[in-house]
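# Examining the three-dimensional arrangement
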Amino acid sequence: MEDSLEIRTTRDGSRTLYSHAFRQSFHSMHGALTEASHVFLEGAKLSELFQSRKEMSILEVGFGAGLNWLLTASLALRHQVSLTYTGLDLQIPNADLLSRLSYGELIETPPLAQHLIQWRGTFDGAVPSGTYHLPHDGGSILQLHIGEATTANLSPNAYDCVYLDAFDPKSNPILWTLEFIQQLHDTLCGGGCLATYSAAGRVRRALVTSGFSVMRRPGPPGKREVLVARKPCPADP
Ligand SMILES: C[S@@+](CC[C@H](N)C(=O)[O-])C[C@H]1O[C@@H](n2cnc3c(N)ncnc32)[C@H](O)[C@@H]1O
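Here we summarise the structure given alongside this text. (Residues numbered from 1 in each chain as written. Predicted model: local features only at pLDDT ≥ 70, side-chain atom pairs only at ≥ 80, totals over all residues. Heavy atoms only, no water.)

Right, let's get into the overall build of the chain. Per the secondary structure count, the chain includes seven helices and eleven strands. Here the chain has a C-alpha radius of gyration of 17 Å; the compact-globule value for 237 residues is 18 Å, and the two agree. Each principal axis of the C-alpha atoms in the chain carries an extent, and together these give about 50 × 40 × 35 Å. Of all 237 residues assigned to the chain, the portion counted as buried reaches 51%. (Helix = DSSP H or I, 4+ residues; strand = E, 2+ residues; numbered from the N terminus. Rg over C-alpha atoms; globule rule 2.2 N^0.38 Å. Buried < 20%, exposed > 50% of the residue type's maximum accessible area, 1.4 Å probe, protein only.)

See the structure below:
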C-alpha cells in the first residue's frame, strides 16, 4: 500500500509529512528539526560519541523522509566518523515530496539530501521491497530495508545505537510490542542505547523487561518527557 502524504510546516519552520494512512505527522508539529535533534541526536549523545569513535552503526526504525539520518550523517561527516546507517521502513516518500521538504537546507552537507532524492527518483512508483545500499563520500553508508520492520533480519550485537521513530504506540502498535523491543535490545551492542520520543508507560515497561536500563529525559517543546534506554555492557555488575 502506498501512503498518501502531505507536506506541513511545523512551528520551528522545518517541514514534515502528514500520513493519511496513520493519521499522524512524521514529526512533532512543535518543530520537526527541534524534535529530531533533541530526541535522537542529543538523546544518543552523538556529539560526544563522534569525538571518540572512528566508526558507528545506527539502526532506525521508521526511516520516513530521512530527517534523523540527514542530521546524523551530516554530524558524522563533520567529525570524520565512518557511519553505517540502516533505515527500516515500509516505503520512502517520492522524490518530489523529499525535495519539497527542503531538508538539505537544515544540514551542513546538503548533497546528502540530494543523494537520497536522486536515488528515490530512479523509481517511478513505490520502491520495491528489498535492501538498498547508498554509499556516500566521506565513508558514510546508508542501507535501506524496504518492507515490514518486524521481519527484518537483525543480527545480535550489530548496532551502537537504535532510533525508534515509529508512529505512536496507539496507531502503530506492531513496532512497540515486547517481542520487537526485545529484538531491538538484542541487536544493540552492550553499552549501546535506544532513543525514542515515546514515554508511554507500556513502552517503558517493555524496555525494562527486555533488559534495558531506562532513563527519562525532559522532552522537546510540547512533550514533557522522552526516553533513552541503555543496554548494559557484559562487564556491568
Ligand atoms: C514517525 S515516521 C518516521 C519519521 C522519520 N524518522 C523521519 O525522520 O522522517 C514513522 C515511519 O514508520 C514507518 N512504519 C510504520 N509502520 C511500519 C512497519 N510496520 N514497518 C516499517 N516501517 C513502518 C512509516 O512508514 C513512517 O515512515
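From this point on, the discussion continues.
Next up on the list: the packing of aromatic side chains. Given two aromatic rings, one states the distance between the centres and the angle between the planes to describe the pair. By the definition in use, this model includes ten aromatic pairs. Taken together, a centroid distance of 5.4 Å and an interplanar angle of 65° make the contact between Trp119 and Tyr132 edge-to-face. A residue pair is termed long-range when its members are at least 10 positions apart, and Trp119 in helix α5 (residues 111-120) and Tyr132 in strand β6 (residues 130-136) qualify at 13 residues. Put simply, the rings of Phe40, Phe63, Trp69, Tyr85 and Tyr163 pair up and form one aromatic cluster. Over the ring of Tyr18 we find Arg8; its NZ or CZ atom is 4.1 Å from the centre of that ring. (Phe/Tyr/Trp six-rings, centres within 6.5 Å; stacked < 30°, edge-to-face > 60°. Lys NZ or Arg CZ within 6 Å of the ring centre and 35° of its normal.)

Moving on, we come to helix α3 (residues 67-78). A turn of α-helix holds 3.6 residues, and therefore any two residues three or four places apart point the same way. For α3, with twelve residues, the first-to-last C-alpha span of 17 Å sits near the 16 Å given by 1.5 Å per residue. Buried residues dominate α3, accounting for eleven of its twelve residues. Within the sequence span of α3, burial applies to Leu67, Asn68, Trp69, Leu70, Leu71, Thr72, Ala73, Ser74, Leu75, Ala76 and Leu77. One or two positions beyond α3, positive phi appears at Gln80, with a value near 55°. (Expected span 1.5 Å × (residues − 1).)

A few words now on the pattern of salt bridges. As enumerated under the stated definition, the model contains five salt bridges in all. Ionic pairing is found between Arg78 and Glu108, a salt bridge with its closest N-O pair at 2.7 Å. With Arg78 in helix α3 and Glu108 in the loop between α4 (95-101) and α5, the pair connects residues that are 30 residues apart, well separated along the chain. On the accessibility criterion, Arg78 (53% relative accessible area) is exposed. The salt bridge involving Glu225 is made with Arg216; its shortest N-O contact spans 3.3 Å. (Salt bridge = Lys/Arg side-chain N within 4 Å of Asp/Glu carboxyl O.)

Another point: the site of the ligand. Glu60, Gly62, Ala65, Asp89 and Asp165 are the nearest of the 22 residues found near the ligand. With respect to the ligand, the side chain of Glu148 contributes an N or O atom lying 2.9 Å from a nitrogen atom. Contacts to the ligand include Asp165, whose side-chain N or O atom sits 2.7 Å from a nitrogen atom. Taking 600 Å² as the accessible area of the ligand by itself, protein coverage stands at 96%. (Near = heavy atom within 4 Å. Polar contact = N/O pair within 3.5 Å; in protein donor to acceptor, adjacent residues only side chain to side chain. Areas by Shrake-Rupley, 256 points an atom, 1.4 Å probe, with all protein chains shown as cover.)

Turning our attention to the sheet that holds strand β3 (residues 24-25). The three strands are arranged β1-β2-β3 in an open sheet whose pairing can be described as antiparallel. Looking along the sheet, the strands with just one partner apiece sit at the ends: β1 (5-9) and β3. (Pairing = 2+ DSSP bridges.)

Looking now at the state of the cysteines. Tallied over the full model, the rule gives zero disulfides. Free cysteine Cys189: the closest other cysteine sulfur is in Cys161, separated by 9.6 Å. Cys233 carries a free sulfur, and the closest cysteine sulfur to it, the one in Cys189, is 9.8 Å from it. (Disulfide = S-S within 2.5 Å.)

Below, the discussion takes up the packing of helix α1 (residues 32-42) against α3. The axes of two packed helices give the description: the angle between them and the distance between them. It is the contact of α1 with α3, at a shortest axis distance of 10 Å, that shows an interaxial angle of 65°. For the crossing formed where α1 meets α3, the hand is right-handed. Residues Ala32, Leu33, Ala36, Ser37, Phe40 and Leu41 of α1 form the contact with α3, whose participating residues are Leu67, Asn68, Leu71, Thr72 and Leu75. Residues belonging to the contact of α1 with α3 are distributed by class as follows: eight nonpolar, three polar and no charged. (Axes fitted to C-alpha atoms, helices over the stretch in contact; angles between N-to-C directions. Left-handed = near helix turned anticlockwise from the far one by under 90°. Contact = heavy atoms within 4.5 Å. Nonpolar A, V, L, I, M, F, W, Y, C, P; charged D, E, K, R; others polar.)

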